[in-house]
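Summary of the model geometry
In case you want the letters, here they are:
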Amino acid sequence: MAEQKKIKNLKEFSKSVDRFEGSNLLCPGCAHSIIVREVLNATNDDLVLSAATGCLEVSTAVYPYTSWDASWIHIGFENATTAVAGAEAMYKALKRKGRLLQPDRPPKFVAFAGDGATYDIGFQWLSGTFERGHDVMHVTLDNEVYANTGGQSSSSTPIGSSTTTAPAGRVSYGEKRVKKDMMSIMAAHGAPYVAQVAPNKWKDMIKKIQHGFAVEGPVYINAMSACTTEWRFDVADTIAVSDLATDSLVFPLYEIIDGETWNITYRPKNVIPVRDYLAAQGRFKHLFKPENEYLIDEWQQRIDKEWVRLQRMEENSPR
Amino acid sequence: MTEKMELKSVEVWDGNLAAAHSLRQAQVDVVSAYPITPSTPIVENYAKFLANGYVEGEYMMVESEHAAMSGCIGASAAGGRVATATSSQGFALMVETLYQASGMRLPIVLHVVNRAMAAPLNVNGDHSDMYLGRDSGWIQLDSFRQQEAYDLGLMAFKIGEDHGVRLPVMVHQDGFISSHTAQNIFPLSDEVAYSFLGDHQPFNAMLDFEKPATYGAQTEENWHFEHKAQQHHDLMTKVFSKVEEVFAEYEKISGRKYRIVEDFMMEDAEVAIIAMGTTVNSARLAAKIIREKEGIKAGVVGIRLLRPFPFEQIKEVLKDVKAIGTLDRSSPNGTVGMLHNEISGVVIENEKVPAMKNYIYGLGGRDITIQMLQDIFKELDVSAKAGKRVGPIQKFINVRGPELSFLGK
């Protein structure tokens, strides 16, 4: 059984050993670095990491520098999950053959990928790796847009968001499609653990990451990553916007165990209107024009319906 | 523990089975693969070895060739022996990752069972896929027959995994003609083959937690050029001597002699065919016949090592020849064939510049006969006697319709 870190408060957290250095090129206020630190700090075990092409990758391994004090590989945009799956296969092979360099140090294998590299271009590689049952964790840094390349729509981009490939204009309200439900898709792979996390709820997140590290097999973590650049909010407001997302239930926090047991892990005491979440971000600004206001109502109805569905899934779970 | 396989001194194997046995004897740590005709039996045979306890590595049966090479890259960077196999469309799907594998200096071995590229769809052998890989930064070894797919398959690990080289290696063989046709093969014993290679010696392994490594960093205009220059430098200066060293070592245990440029009857040759794959053997037979029948001083140059390209060795072999036919088994799609370009670049450095003709043949598995190769020698002889090229530069062989030729008419 792997050793689990015990971190009681944020002060302790800030002092914990950091295998992801603060010296990187991410935007001020970027949630990626918060999430990555929280994931890596959930274990004392050695790490084998990969990153898909994207904000995290281009900001943390610019030759001759690296922000990673752990083994790390970037191949391409689509294949970060397969990269750690290959490394995990090598670990198993060398273990069987007695050729591991440090046989008493079983590592954790973690892939980081944006929503583009997960929901879109990397979907097949992710699915294949989960079907094969590798003992790896895939963490999606879900900022709902191709942020690294200037804000194009991905299949995680929510309806009504203005992006550079689906801009709001005189006759368009921006993105026309709702966000893809990756959580259900990954649960349908029969993965032992699937969870949605947000950096503002860091205790919930660490618990889930540690659960993910403790189980055998592929683990999917969908991490909301508020993007100050593309969501358009002040760099100081990352956690405030994240709070609006979790408290309006736009980004509900829950987990799915073995594809069948659904647990809601955060129930806001005061659920705030979706309108407040949308109003905090420039990408939804145009929705507040009179001709688009109906979309805000539709948003609220959709989120309400989804919350009912999640509760029903939880109630109907085998206990 | 792995079961040893008792092999006879002579086995009857096709090229795919021969390649699969080379993977088994190398005790590859991770094979990450996706099946595609005509290379499929390599991974099928490997799976059978695994199912019967003859290998104990990991076998990732992935969902595409792109994922196959992606898995190989992750596994190789983790620190162990890695191999896979593919052909044609699968090779094309891998291309992105081929550059990533070589750029990260990962010594993966890839068996490429050469096949035509669609459209139109065709499962038979030509060299379109091999040519597609030639700028990818890999070492490319070419076998002309089944035995060589086995021998080069073993030697590829020793060349690529050398810490001075650290580059991935392709081993090519012709689809169906080599891959699906059985011949007598003289294998090494499992013990001799494995002790020739030894255990994989990791270099900057991701699984060495005392020394974490960052693989696949970003470089822009400030450093990208230097990385590419370093890789080219190593291909140009470190690989030839290593390949020769491994060929010599392998000769000691197998009795089989390999050379980077396989020249045949070139000592006094006035006309020469330059070719790759199984056609090299056919051309050798045609050269013998045409020497006996017509007294034409014919020779053959087989390119054993396509990348890095053995410029100096070829220059030496061709220094006295009067006319050369370059045989390209891939549609050049708008220019002369690749071999024609490469060889032209070599021979203009010689004092005597020969007449150069380019023959496009065998696309999609179309036959090339001994008679056709004799006809090429006869055509070359006309140019040799005239002291200059006679007739067009480029000619298509054995294709329907009136004679198809281009350039220099």
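All values reported here derive from a predicted model rather than from experimental measurement. (Residues numbered from 1 in each chain as written. Chains lettered and ligands numbered in written order. Predicted model: local features only at pLDDT ≥ 70, side-chain atom pairs only at ≥ 80, totals over all residues. Heavy atoms only, no water.)

Focus on unusual backbone geometry
The bulk of non-glycine residues show a negative phi, and the bulk of peptide bonds are trans. Alanine 118 of chain B connects to alanine 119 of chain B through a cis peptide bond whose omega is 0°. Here alanine 119 of chain B shows up in the loop between β5 (109-114) and α5 (128-132). The omega angle of the peptide bond from arginine 307 of chain B to proline 308 of chain B is -10°, so this bond is cis rather than trans. With respect to the element layout, proline 308 of chain B can be found in the loop between β13 (305-307) and α11 (311-317). Positive phi outside glycine occurs at leucine 249 of chain A, with the angle close to 70°. One can find leucine 249 of chain A in the loop between α10 (238-247) and β9 (254-257). Its relative accessible area of 7% is what places leucine 249 of chain A among the buried residues. (Helix = DSSP H or I, 4+ residues; strand = E, 2+ residues; numbered from the N terminus. Buried < 20%, exposed > 50% of the residue type's maximum accessible area, 1.4 Å probe, protein only.)

A short note on the packing of helix α6 (residues 146-160) of chain B against helix α9 (residues 239-254) of chain B
Residue and element names in this part refer to chain B. Here α6 crosses α9 at 130°, and the two axes come no closer than 10 Å. With respect to each other, α6 and α9 are oriented oblique. Here the hand of the crossing between α6 and α9 comes out right-handed. Contacts between α6 and α9 involve Tyr150, Asp151, Leu152, Leu154, Met155, Lys158 and Ile159 from the first element and Lys242, Val243, Val246, Phe247, Glu249 and Tyr250 from the second. (Axes fitted to C-alpha atoms, helices over the stretch in contact; angles between N-to-C directions. Parallel < 35°, antiparallel > 145°, perpendicular 65-115°, else oblique. Left-handed = near helix turned anticlockwise from the far one by under 90°. Contact = heavy atoms within 4.5 Å.)

As for helix α2 (residues 31-40) of chain A
Buried residues dominate α2 of chain A, accounting for 8 of its 10 residues. Every buried residue belonging to α2 of chain A is among Ala31, His32, Ser33, Ile35, Val36, Glu38, Val39 and Leu40 of chain A, and all of these are buried.

Regarding the pattern of salt bridges
Scanning the model with the defined rule gives 40 salt bridges over all chains in all. Residues arginine 309 of chain A and aspartate 181 of chain A are paired through a salt bridge, measuring 3.3 Å at the closest nitrogen-oxygen approach. Of the two residues, arginine 309 of chain A sits in helix α12 (residues 293-315) while aspartate 181 of chain A sits in the loop between β6 (172-173) and α7 (182-187), which places them 128 residues apart along the sequence. Taking the shortest distance from any N to any O, the salt bridge between lysine 322 of chain B and glutamate 270 of chain B comes out at 3.6 Å. Note that lysine 322 of chain B is positioned in the loop between α11 and β14 (323-328) and glutamate 270 of chain B in the loop between β10 (261-264) and β11 (271-275), a separation of 52 residues in sequence. A residue is classified by how much of its surface remains accessible, and lysine 322 of chain B, at 41% relative accessible area, is partly exposed. Through salt bridges that share partners, Glu148, Arg259, Glu262, Asp263 and Arg304 of chain B make up one connected network. (Salt bridge = Lys/Arg side-chain N within 4 Å of Asp/Glu carboxyl O.)

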